[in-house]
Every structure is written in C-alpha cells, then in structure tokens.
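Report on the structure
Residues per chain, in single letters:
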Amino acid sequence: DTGVSQNPRHKITKRGQNVTFRCDPISEHNRLYWYRQTLGQGPEFLTYFQNEAQLEKSRLLSDRFSAERPKGSFSTLEIQRTEQGDSAMYLCASSYTGQYQETQYFGPGTRLLVL
Amino acid sequence: GDSVTQMEGPVTLSEEAFLTINCTYTATGYPSLFWYVQYPGEGLQLLLKATKADDKGSNKGFEATYRKETTSFHLEKGSVQVSDSAVYFCALSTYNQGGKLIFGQGTELSVKP
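Described below are features of the structure shown in this document.

Calculation criteria
- Residues numbered from 1 in each chain as written.
- Chains lettered and ligands numbered in written order.
- Predicted model: local features only at pLDDT ≥ 70, side-chain atom pairs only at ≥ 80, totals over all residues.
- Heavy atoms only, no water.
- Helix = DSSP H or I, 4+ residues; strand = E, 2+ residues; numbered from the N terminus.
- Rg over C-alpha atoms; globule rule 2.2 N^0.38 Å.
- Buried < 20%, exposed > 50% of the residue type's maximum accessible area, 1.4 Å probe, protein only.
- Contact = heavy atoms within 4.5 Å.
- Areas by Shrake-Rupley, 256 points an atom, 1.4 Å probe, with all protein chains shown as cover.
- Lys, Arg positive; Asp, Glu negative; His and termini not counted.
- Charge placed at Lys NZ, Arg CZ, Asp CG, Glu CD.
- Buried area = accessible area lost by both parts, 1.4 Å probe.
- Salt bridge = Lys/Arg side-chain N within 4 Å of Asp/Glu carboxyl O.
- Polar contact = N/O pair within 3.5 Å; in protein donor to acceptor, adjacent residues only side chain to side chain.
- Core = buried A, V, L, I, M, F, W, Y, C linked by side-chain atoms within 4.5 Å.
- Disulfide = S-S within 2.5 Å.

A separate point is the overall build of chain A. Of regular secondary structure, chain A possesses zero helices and 11 strands. For a compact globule of 115 residues, the expected C-alpha radius of gyration is about 13 Å, and chain A comes in at 14 Å, within 12% of that figure. Considering chain A as a whole, with its 115 residues, one finds that 48% of them fall into the buried category. Of the contacts formed within chain A by residues at least 6 apart in sequence, a portion of 53% connects residues at least 24 apart. When the accessible surface of chain A is summed, it comes to about 5900 Å², and 45% of that surface belongs to carbon and sulfur atoms.

Shown next as structure tokens:
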C-alpha cells in the first residue's frame, strides 16, 4: 500500500491554458474525492466518485472544471481556460465505504499557479 | 448547511506546554468528527476521529472528545513538542451526504524550544 499519489506535484501555467491533474487512490478504495485548498483556508469539497460514477459536484466546480474516473481506478481533474483565481492546492483523497463512517486518506496535493 | 469553526491562530507555545485547540460544529445529521494535521510541505494526515457522541479519539498523545451537548470536538495534548508544529484542521462528515469532509479554517501551531 503506497498511499494516495498525485501528479504533478506542482504546475505553473499561463492564464487561458488547460491543465490536467491525476490522482491514484489506494488500490482497494472505492470512493475518490477532490478538494481545493487556498492559502490559509481549510480544504473545500469539489466532487466525489463512487467507483466510476460521479455522485456529487460542488457549486465551486464551474463548467470549466471536469473530473473523470474511468474504470473506477485513477481520476483526472481538468481545468479549461485557467484563471488566476484557480491558483490553489488541489487535493485528492480516497476511502472505502465498507465501514459505516469511512476514513479519507489524502494525497500530497498538486499546487497550481496561474500567471 | 453544515459547518465547522476553529479557534483562530497562530498559536505559539513553549515545549512541554498544554495545548487546546477549540472546534465547534453545526450539523443537521449525526456527523463523524475528525482532526487532520498538515506538516509544512506535506499533505493532510488523519490525526484522530470519533464517530458518535462521547467517543474519545486519541493518537500520538493528542485527544479529543465528541461532545454532542456542546457540539464541540476540542483537541488537547498535555505536553507539546517542537515536532508538533503544524496546521491542525477540524472536520466533519455525515454518511447521508456522501461522506464528504467539511473543514474548519485550520489553526497553525508553532512550538518553540
């Protein structure tokens, strides 16, 4: 068990460009969550998957954001036409729903800077 | 909607001092409560959790008790170390909301030798 991994760890892009982040969850975990964390704030929920189905999207997730989890394994988060306000740490977490209240395990995050 | 409120930081303590970080919550259901810690340059790590009223979570000398009557989950440690310097986040999740975590704003702790 190598934990949750995220790539890249850092991304610098120019405004208007598209970016894609990847998350590899813990192998037996069926739920995968995406959060966004800005400086000095707690993480905010963006979206989550159970297996390959995307079950909820936050109001924070504008039309420029899209997430996928093909085959219920890794997930990608794409931001189209990036804006400076998208600069943040993007966190991925995974969990297993076999227990009543599952525990989410977080990856190291991808830090995005939009110039 | 559900929310979590933490005491504001930063908190600066001397080594071996007693630590309390206050956390209160608002929830419509019966949440589970968590403390996560974020060390400089690292991701979030689960520190402890409690899933029902009066449960006490504990780990690495840290403790927190789920108090339904005061809707609180304060984090305590009897003797802090320099290595405890980090940002601490209180969070809740409810099963009927898909288990998503709702976080407080975080409290930065700095422990001086």
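Additional details are given in the paragraphs that follow.
For chain B, the count of helices and strands is zero helices and 12 strands. In terms of overall size, chain B behaves like a compact globule, its C-alpha atoms giving a radius of gyration of 14 Å where 113 residues would be expected to give roughly 13 Å. Along the three orthogonal principal directions, the C-alpha set of chain B runs to about 45 × 30 × 20 Å. Expressed as a percentage of its 113 residues, the buried residues of chain B come to 48%. Within chain B, counting contacts between residues at least 6 apart in sequence, those at least 24 apart form 56% of the total. Accessible area of chain B: about 5200 Å², with a carbon and sulfur share of 47%. Where the 9 positive side-chain charges of chain B centre and where its 12 negative ones centre are 7 Å apart.

Taken together, the contact pairs 23 residues of chain B with 21 residues of chain A. Of the roughly 1700 Å² buried between chain B and chain A on both sides combined, carbon and sulfur atoms contribute 50%. Counting the contacts that link chain B with chain A gives one salt bridge. Its salt-bridge partner being B:K100, residue A:E56 comes within 2.6 Å of it at the nearest N-O pair. The interface formed by chain B and chain A holds six residue pairs in polar contact (both at pLDDT 80 or more) in total.

Core analysis: the largest hydrophobic core is formed by 27 residues, its most contacted members being B:W35, B:L47, B:L48, B:F73, B:L75 and B:Y88. When residues no more than four places from it in sequence are discounted, the contact partners of B:L75 are B:L19, B:T20, B:I21, B:W35, B:L47, B:L48, B:F62, B:E63, B:A64 and B:Y88. Formed by 19 residues, the second largest nonpolar core is a distinct cluster that contains A:V19, A:C23, A:W34 and A:V114.

Residues and elements named next belong to chain A. Within the secondary structure, S58 is located in the loop between β6 (53-57) and β7 (65-68). Given the relative accessible area of 17%, S58 is considered buried. If we skip the residues at most four places from it in the chain, S58 touches F45 and L46.

Bringing the state of the cysteines into the picture now. For the coordinates displayed, the defined rule picks out two disulfides over all chains. The partner cysteine of A:C23 in its disulfide is A:C92, sulfur to sulfur 1.8 Å. Where A:C23 bonds to A:C92 through sulfur, the torsion about that S-S bond is close to -65 degrees, and the disulfide is left-handed. Taken together, the residues span a long stretch of sequence, with A:C23 in strand β3 (residues 19-24) and A:C92 in strand β9 (residues 88-95) at a distance of 69 residues. In this structure, A:C23 and A:C92 share a single accessibility class: buried. Each sulfur of the disulfide joining B:C23 and B:C90 lies 2.0 Å from the other. Here the S-S torsion is close to -70 degrees, and the disulfide linking B:C23 with B:C90 is therefore left-handed.

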